[in-house]
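The lines below spell out each chain.
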Amino acid sequence: MDTLFQPYRLNGTLTLANRFMMAPLTRCMAGPGLVPTEQMAAYYARRADIGLIISEATIIRPDGQGYPNTPGLYSPEQIEGWKQVTGAVHAKGGKIFAQLWHVGRLSHPFFHHAEVLAPSAVAHEGTVPRMRELVYQVPRALTVAEIEQLVEDYATAAANAIEAGFDGVEIHGANGYLIDQFLHHSSNLRDDQYGGTPENMSRFALAVVDAISARIGAERVGLRLSPGAYVHLAGDKRDRAVFDHLLAELNRRTLAYVHLGIFDDSLTFDYLDGRASDYLRAHYDGHLVGVGNYSAETAAEAIKADRFDLIAIGRPLIANPDYLSKVKQAEPLVPYADAMLAELV
Ligand code: FNR
Ligand code: 8K6
């Protein structure tokens, strides 16, 4: 357990106070204009003793929205709002990255009165959570020019994050959202340079990584990935070759870290020969962040067994703003319950 509380050097720019990260947690509490609020600043500041906070997923532009009241990073007002958050976290000695998000086909015109865009015209079957009357639509397939514009918009949002005082950004490439939709065969049916082969299917993710790295420095960039499809899209055994290629390419770059996107890391995937975390460890050479139903104890065991380097904690940090001090002092934790999502504590 002691190792978890020791500082951890990510690179020449970033050393974390400990090996805990706050997992990105959508809370749907942004104010009008999708501007972060004072309450959000106080919520994050209460958790500033965590080595690195990853913000709730934050949309890079209006058509990236898929849930009500998720914050953005594209307007001057949003940048100002985030300054309160980053300022409050820094005042308590913490570090915070912004998670950059576009939901692709999981958007709905309800939010932005524009088209729903995705790699291919394949709908996700279902309805928007918390807004069950909204059925997911068949998206329009992006043109190459629109894909290039999206890459540019990700880079602009990353620059906005730095302007807003964030220590870096985590690219949300996981959980079946836009970037992940390019990486899986069930949602990417393209036959141009963005589909059809592992190299082509990885192209968008790598273009976003490279554009953001060029803008703010790779040492300030993390990437979240879900090599095992488990939510919002179906897996396909051919996806394995896509992630093999993507991770080999990422090994030639120097990102701050790769972070698994999953809810429960005990899940196994046939086409990954087991857990997604073990697959990432075997194929990615850089710092790896584990996540998914871990306690501090089970995380410490996993880190000792060299299964990953850092641990992201999600639901327990919703239930326990003082998670770190409780764990340190071996005090009991308040169990998480979905009802806690109604309030920012
Ligand atoms: C999440 N998760 C999530 N993941 C992500 O990449 N971006 C996000 O905005 C969110 N939002 C979110 C909201 C809520 C309410 C939950 C419960 C989860 C997934 C989260 O980061 C994490 O992977 C899981 O919660 C698993 O970790 P724990 O909770 O078992 O520690
Ligand atoms: C990423 C956007 C999230 C929007 C809010 C989600 C609220 C989720 C409540 C979480 C409960 C966790 C249950 C595990 C889900 C497994 C996924 C297959």
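So, how was this worked out
Residues numbered from 1 in each chain as written. Chains lettered and ligands numbered in written order. Predicted model: local features only at pLDDT ≥ 70, side-chain atom pairs only at ≥ 80, totals over all residues. Heavy atoms only, no water. Helix = DSSP H or I, 4+ residues; strand = E, 2+ residues; numbered from the N terminus. Rg over C-alpha atoms; globule rule 2.2 N^0.38 Å. Buried < 20%, exposed > 50% of the residue type's maximum accessible area, 1.4 Å probe, protein only. Contact = heavy atoms within 4.5 Å. Areas by Shrake-Rupley, 256 points an atom, 1.4 Å probe, with all protein chains shown as cover. Lys, Arg positive; Asp, Glu negative; His and termini not counted. Charge placed at Lys NZ, Arg CZ, Asp CG, Glu CD. Near = heavy atom within 4 Å. Polar contact = N/O pair within 3.5 Å; in protein donor to acceptor, adjacent residues only side chain to side chain. Nonpolar A, V, L, I, M, F, W, Y, C, P; charged D, E, K, R; others polar. UniProt positions renumbered as here; feature names shortened; annotations may be inferred. Phe/Tyr/Trp six-rings, centres within 6.5 Å; stacked < 30°, edge-to-face > 60°. Pairing = 2+ DSSP bridges. Axes fitted to C-alpha atoms, helices over the stretch in contact; angles between N-to-C directions. pLDDT = per-residue confidence, 0-100. Core = buried A, V, L, I, M, F, W, Y, C linked by side-chain atoms within 4.5 Å. Parallel < 35°, antiparallel > 145°, perpendicular 65-115°, else oblique. Left-handed = near helix turned anticlockwise from the far one by under 90°.

Per the secondary structure count, the chain includes 11 helices and 12 strands. The C-alpha radius of gyration computed for the chain amounts to 19 Å, which stays within 12% of the reference 20 Å derived for 345 residues, consistent with globular compactness. Expressed along its principal axes, the backbone C-alpha trace of the chain runs to roughly 55 × 45 × 40 Å. The 345 residues of the chain split such that 59% are buried. In the chain, the share of contacts with a sequence separation of at least 24, taken over all contacts with a separation of at least 6, comes to 72%. Accessible area of the chain: about 13200 Å², with a carbon and sulfur share of 52%. Once the 30 positive and 41 negative side-chain charges of the chain are each reduced to a mean point, those two points are 3 Å apart.

So, about the site of ligand 1. The full set close to ligand 1 counts 19 residues, and Pro 24, Thr 26, Arg 224, Asn 293 and Arg 315 are the nearest of them. Contact distances for ligand 1 include 2.7 Å between an oxygen atom and a side-chain N or O atom of Arg 224. Between an oxygen atom of ligand 1 and a main-chain N or O atom of Ile 262, the distance comes to 2.8 Å. Tallied by class, residues from the shell around ligand 1 come to 10 nonpolar, seven polar and two charged.

Along the chain, His 184 turns up in the loop between helix 5 (178-183) and helix 6 (198-216). The class of His 184 is buried, set by a relative accessible area of 0%. Discounting chain neighbours no more than four positions away, the residues touching His 184 are Met 201, Ser 226, Pro 227, Ala 229, Leu 233, Asp 239, Phe 243 and Tyr 271.

Quick look at the UniProt feature "domain: NADH:flavin oxidoreductase/NADH oxidase N-terminal" (unreviewed entry) in the chain now. As annotated in UniProt, the feature "domain: NADH:flavin oxidoreductase/NADH oxidase N-terminal" (unreviewed entry) corresponds to residues 4-330 in the numbering used here. Across residues 4-330 one finds 35% helix and 14% strand; the C-alpha atoms that close the span lie 14 Å apart.

The next thing to look at is the packing of aromatic side chains. Given two aromatic rings, their pairing is described by the distance between the two centres and the angle made by the two planes. As enumerated under the stated definition, the model contains 15 aromatic pairs in all. Ring centres of Tyr 154 and Phe 204 lie 6.2 Å apart, and the angle between their planes is 70°; this geometry places the pair in the edge-to-face category. Residue Tyr 154 is found in helix 4 (residues 144-163), and its partner Phe 204 is found in helix 6; the two are separated by 50 residues along the sequence. Using a relative accessible area of 0% as the deciding quantity, one classes Tyr 154 as buried. Using a relative accessible area of 0% as the deciding quantity, one classes Phe 204 as buried. In this structure an aromatic cluster arises from ring pairing among Tyr 154, Phe 182, Tyr 194 and Phe 204.

Here the focus is helix 1 (residues 38-45). Residues of helix 1 that are buried: Met 40, Ala 41, Tyr 43, Tyr 44 and Ala 45. As for helix 1, its buried residues are in contact with strand 3 (20-22), strand 4 (52-59), helix 2 (76-91) and strand 5 (96-101).

Spatial strand order, 3-4-5-8-9-10-11-12: eight strands in a closed barrel with parallel pairing. The average angle at which neighbouring strand axes cross in this sheet is 30°, direction not considered. Inspection of the sheet shows strand 3 paired to strand 12 (residues 310-313) by three bridges, in the parallel sense. Bridge assignment links Phe 20 to a residue of strand 12, and that residue is Ile 311. Packing of helix 4 onto the sheet brings it into contact with strand 5 and strand 8 (168-173), and relative to strand 5 it is tilted by some 155°.

Time to look at the confidence of the model for the chain. Considering every residue of the chain, the mean pLDDT works out to 98; 100% of them sit at 70 or more. Interface scoring of the predicted complex returns ipTM 0.95; its pTM is 0.97.

Another aspect to go through is the nonpolar core. Judged by nonpolar contacts, the single largest core of 100 residues is most densely connected at Phe 20, Leu 100, Phe 204, Ile 212 and Leu 250. If we ignore the near neighbours within four places in the chain, the residues touching Leu 100 are Thr 58, Ile 60, Leu 73, Tyr 154, Ala 157, Ala 158, Val 169, Glu 170, Ile 171, His 172 and Ile 212. Counting residues in hydrophobic clusters, the runner-up holds 14 residues, among them Ala 57, Val 103, Leu 134 and Tyr 136.

This part covers the packing of helix 6 against helix 7 (residues 239-250). In the contact formed by helix 6 and helix 7, the axes pass within 9 Å of each other and the chain directions differ by 40°. In terms of orientation, helix 6 and helix 7 fall into the oblique class. Crossing hand, helix 6 versus helix 7: right-handed. Facing helix 6, whose interface residues are Pro 198, Glu 199, Met 201, Ser 202, Ala 205, Leu 206 and Val 209, helix 7 presents Ala 241, Val 242, His 245, Leu 246, Glu 249 and Leu 250. Tallied by class, residues from the contact of helix 6 with helix 7 come to nine nonpolar, two polar and two charged.

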